[in-house]
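Analysis of the macromolecular model
Okay, here's what each chain looks like letter by letter:
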Amino acid sequence: MQNKGAVRAIAIIFALIFLYQLSFTVVTNSVERKAANNAMEQVFPKDANRQDIAVSESIQNAIAEAMEKRSMDE
């Protein structure tokens, strides 16, 4: 029980390291979500209806994924 302060200090240090590492995940998810939304917006403009586009859904999804990957590479 004499090392209670050291245990707390180590726990706080680990918590800070954990939060620092978690911040990268949050930022990455945010950027990937924006890229996916941008790609879907380019494939399916807001003023167009999905039924108006005469391309199958699997091809549309492939196009959106390719555009998302391209925007992530830039």
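See above for the structure.
Below or above, wherever it landed, is the structure these notes cover. (Residues numbered from 1 in each chain as written. Predicted model: local features only at pLDDT ≥ 70, side-chain atom pairs only at ≥ 80, totals over all residues. Heavy atoms only, no water.)

**A word on the overall build of the chain**
Scanning the chain from terminus to terminus reveals 2 helices and 0 strands. Classification of the 74 residues of the chain by burial places 8% in the buried group. Taken as a whole, the chain presents about 6400 Å² of accessible surface, with 60% of it coming from carbon and sulfur. (Helix = DSSP H or I, 4+ residues; strand = E, 2+ residues; numbered from the N terminus. Buried < 20%, exposed > 50% of the residue type's maximum accessible area, 1.4 Å probe, protein only. Areas by Shrake-Rupley, 256 points an atom, 1.4 Å probe, with all protein chains shown as cover.)

**Side note on a nonpolar patch on the surface**
Together, Ile12, Leu16, Phe18, Leu19, Leu22 and Val26 give the surface a local cluster of nonpolar side chains, amounting to about 610 Å² of exposed area. By the secondary structure assignment, Ile12 is in helix H1 (residues 4–43). With relative accessibility at 53%, the residue Ile12 sits in the exposed group. (Patch = residues over 30% accessible without salt bridge, like charges linked within 9 Å, V, L, I, M, F, W, Y side chains within 5 Å. Salt bridge = Lys/Arg side-chain N within 4 Å of Asp/Glu carboxyl O.)

**Quick look at the packing of aromatic side chains**
As enumerated under the stated definition, the model contains 1 aromatic pair in all. Ring geometry for Tyr20 versus Phe24: centroids 5.0 Å apart, planes at 85°, classification edge-to-face. Here Phe24 and Tyr20 lie together in helix H1, a separation of 4 residues that amounts to about one turn. (Phe/Tyr/Trp six-rings, centres within 6.5 Å; stacked < 30°, edge-to-face > 60°.)

**Looking at H1**
An α-helix turns once every 3.6 residues. As a result, residues three or four positions apart point the same way. Compared with the 58 Å implied by 1.5 Å per residue over 40 residues, the 58 Å span of H1 between its first and last C-alpha is a close match. Among the residues making up H1, those that are buried are Ala35, Ala39 and Val43. (Expected span 1.5 Å × (residues − 1).)

These figures capture arrangement, not role.
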